[in-house]
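Descriptive structure summary
Listed below are the residues making up each chain.
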Amino acid sequence: MRKLMILVPLLALVGTARADYQPVAEQVVDNVYAIVGPLGQRSPDNDGLNANFGFIVTAEGVILIDSGATRLGAEKLSKAIRTVTDQPVRWVINTGSQDHRWLGNDFFAEQGAEVMAMARTAATQAQVAQQQIHGLERFLGERLQGTRPLPATKTLVGGPVTLELGGETLELAYTDAHFPGDAWVWLPKQGVLFTGDLIFVDRLLGVLPTSSVRNGQKAFHGLEQLHPGHIVPGHGRVCNLAQARRETGDYYDFLVGTIGAAATEMEPMDATLDRYSDLPQFKHLENYDSLHRANMNRAFLEFEAAQ
Ligand SMILES: [Zn+2]
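Presented here is an overview of the structure given in this document. Bear in mind the structure is a predicted one, so any value in this text is a computation, not a measurement.

Parameters at a glance
Numbers given for residues are sequential positions, taken from 1 along each chain in its written order. Confidence filtering applies because this is a predicted model: local features only for residues at pLDDT of at least 70, side-chain atom pairs given and counted only at 80 or more, and all residues used for totals across whole chains, interfaces and linings. Only heavy atoms go into the side-chain values, all of them from the structure, while hydrogens and water stay out. Secondary structure elements are taken from DSSP: a helix is a run of H or I of four residues or more, a strand is a run of E of two residues or more, and numbering for both begins at the N terminus. All radius of gyration figures rest on C-alpha atoms, and the globule criterion is 2.2 Å times the number of residues raised to 0.38. Summary of the burial criterion: residues with accessible area below 20% of their type's maximum are buried, those above 50% are exposed, and those between are partly exposed, where the area comes from a 1.4 Å probe applied to protein chains only. Two residues qualify as a contact provided that any one of their heavy atoms is within 4.5 Å of a heavy atom in the partner residue. In these tables, accessible area is a Shrake-Rupley quantity obtained with a 1.4 Å probe, and a residue counts as shielded only by the protein chains included in the view. Lys and Arg are tallied as positive, Asp and Glu as negative. Neither His nor the chain termini are counted. Lysine's charge is taken at NZ, arginine's at CZ, aspartate's at CG and glutamate's at CD. Strands are labelled as partners when DSSP assigns at least two bridges between them. Any pair of Phe, Tyr and Trp rings, taking the six-membered ring for Trp, is counted once the centres come within 6.5 Å. Such a pair is stacked with planes under 30 degrees apart, edge-to-face with planes over 60 apart, and tilted for the rest. A positively charged side chain is recorded as over a ring if its NZ (Lys) or CZ (Arg) lies within 6 Å of the ring centre. The angle to the ring normal must also be within 35 degrees. Lines are fitted to the C-alpha atoms to define the axes, a helix being fitted only along its stretch in contact, and any angle between axes, read from their N-to-C directions, falls within 0 to 180 degrees. Between Lys or Arg on one side and Asp or Glu on the other, a salt bridge is scored when a side-chain nitrogen of the former is within 4 Å of a carboxyl oxygen of the latter. Small angles under 35 degrees read as roughly parallel and large ones over 145 as roughly antiparallel, with 65 to 115 read as roughly perpendicular and the rest as oblique. In this scheme, a crossing is called left-handed if the near helix is turned counterclockwise away from the far one by less than a right angle; it is called right-handed if the turn is clockwise. By the convention adopted, Pro, Cys, Tyr, Trp, Phe, Met, Ile, Leu, Val and Ala count as nonpolar, Lys, Arg, Asp and Glu as charged, and the other residues, Gly among them, as polar. For a helix, the expected span equals 1.5 Å multiplied by the number of residues minus one. Working note: the arc is built from the helix axis to C-beta atom directions.

**Notes on the overall build of the protein**
Of the regular secondary structure elements, the protein holds nine helices and twelve strands. In terms of C-alpha radius of gyration, the protein reaches 20 Å, essentially the compact-globule figure of 19 Å for 307 residues. Taking all 307 residues of the protein together, the buried fraction comes to 55%. Within the protein, contacts between residues separated by at least 24 positions form 69% of all contacts whose residues are at least 6 apart in sequence. Counting only carbon and sulfur atoms, one obtains 53% of the accessible surface of the protein, whose full area is about 13,500 Å². Here the protein holds 26 positive side-chain charges and 35 negative ones, and the gap between their average locations is 5 Å.

**Details of the pairing of strand E10 (residues 183-187)**
Within E10, five of the five residues are buried, which leaves the element mostly enclosed by the surrounding structure. With burial as the criterion, each face of E10 is covered, one bearing Ala183, Val185 and Leu187 and the other bearing Trp184 and Trp186. Judged from the four bridges that link them, strand E9 (residues 168-174) and E10 form a sheet pairing that is antiparallel. Following the sheet pairing, Tyr174 is matched in E10 by Ala183. Looking at chain direction, E10 and strand E11 (residues 192-194) are connected through three bridges and run antiparallel. Within E11, the position partnered with Trp186 by the bridge is Leu193. Two successive antiparallel strands, E10 and E11, enclose a turn made up of four residues, where Gly191 displays a positive phi of approximately 65°.

**Brief notes about the packing of aromatic side chains**
Under the defined criterion, the tally for this structure stands at five aromatic pairs. On the basis of an interplanar angle of 85° and a centroid distance of 5.1 Å, the ring pair of Phe107 and Phe108 is categorised as edge-to-face. Note on Phe108: relative accessible area 2%, which makes it buried. An aromatic cluster of at least three residues, connected via ring pairs, comprises Tyr251, Phe254, Tyr276 and Phe282. Lying across the ring of Phe139, Arg138 places its NZ or CZ 4.7 Å from the centre.

**Brief notes about the sheet that holds strand E1 (residues 25-29)**
In a beta sheet, neighbouring strands are held together by backbone hydrogen bonds and run either parallel or antiparallel to one another. Strand order in the open sheet formed by seven strands is E1-E2-E3-E4-E5-E6-E7, with mixed pairing between adjacent strands. Looking at which strands have only one partner, the edges of the open sheet turn out to be E1 and strand E7 (154-156). On average, each strand axis in the sheet is inclined to that of its neighbour by 25°, with strand direction left out of account. Summarising the sheet, strand E2 (residues 32-36) and strand E3 (residues 52-58) pair through five bridges and their orientation is antiparallel. Bridging across to E3, Val36 finds its partner in Asn52. In this fold helix H5 (residues 119-140) packs onto strand E6 (114-118) and E7, with an angle of close to 105° to the strand it touches most, E6.

**A closer look at the side chain of Glu247**
As for its placement among the helices and strands, Glu247 is situated in helix H7 (residues 241-264). Despite its burial, Glu247 pairs with no opposite charge; the closest candidate is Arg246, at 4.6 Å N-O. Those residues in contact with Glu247 that sit more than four places away from it in its chain are Phe200, Val201, Asp202, His284 and Leu285.

**Some details on the sheet that holds E9**
The strand order across the open sheet built from five strands is E8-E9-E10-E11-E12, with neighbouring strands paired in mixed fashion. Strands at the two margins of the open sheet, each flanked by one partner only, are strand E8 (161-165) and strand E12 (230-232). Across the sheet, the mean angle separating the axes of adjacent strands is 20° when strand polarity is ignored. Sheet contacts for helix H6 (residues 213-226): E10, E11 and E12; angle to E10, the most-contacted strand, approximately 0°.

**Topic: the packing of H7 against helix H9 (residues 288-305)**
Describing two packed helices takes the angle between their axes plus the distance from one axis to the other. Between H7 and H9, the least distance of the axes is 8 Å, while the angle of their chain directions is 55°. Looking at the two axes, H7 sits oblique to H9. The way H7 lies across H9 gives a crossing that is right-handed. Touching Tyr251, Phe254, Leu255, Val256, Ile259, Gly260, Ala262, Ala263 and Thr264 of H7 are His292, Asn295, Met296, Ala299, Phe300, Phe303 and Glu304, all from H9. Residue classes in the contact of H7 with H9 are distributed as eleven nonpolar, four polar and one charged.

**Let's talk about H9**
In this model H9 runs 25 Å from its N-terminal to its C-terminal C-alpha over 18 residues, within 8% of the 26 Å that 1.5 Å per residue would give. What H9 keeps buried is the set Tyr288, His292, Asn295, Met296, Ala299, Phe300, Glu302 and Phe303. Along the axis of H9, the buried positions cluster into a sector of 160°, meaning they face one direction only. Away from its buried face by more than 90 degrees, H9 exposes Ser290 and Ala305. Each element contacted by the buried residues of H9 is listed here: H6, H7 and helix H8 (269-275).

Here it is as structure tokens:
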């Protein structure tokens, strides 16, 4: 009993000392910046910023791509932008509806930013909001304080959609890979593509129950047609097309071409998953051990359901 009483205050100390991850803005090219978050899980330390974000400094203010998972996370992103420019954030564009893409919207809207997304992205945000807040409570505890889900208020219909601000042109197009309504943001002038949760490098991509590997593969092929010079992936370091191909494109091709094909041919699922559990070309990627089998499982189910 005595031991326990000593342990508790120590643990409380560790708990407060952990919250110190500060996102850093790195220049991609010209006036385009990326903020590359850690590869691991959401934590009180990273405030749910375990993903990538980006911003473009224009003559008429800053365009932020994705707003972080919480109010505190959004404040940290804002601080990272301040190290580069004093211009206000005029626009926030959400590439998706996963928590880290949009739950910081409310903070930036309060500061005067217009929050926009493709129409289906915003619709999915509204649908998943409560469930995501609930999920984050488990990882972040009290660091979730003040977070209020605000789905994008300006919704863009159709697609692809072209936007212009301060002499910069952005093109949004649906990918529908990780969550329904996910999109990318393409900067034709700079040749930079913010892929949202379509591309993962350095770590294995995650296939969620909401994901479609068929859409992922299709979107990846569309991405190749753009010939981007710089790719800011959803997770992992800024990369080129060759690395995106190796670490994500080839994996979508495997999930569709091998696992999807096995499901279509009504081969037994467990035996199929066993057969492909060891893939040397992806094994070096972080999270491979925890995600690969579940990814194959979900890809299999997607194709089985399509029968
Ligand atoms: Zn993500």
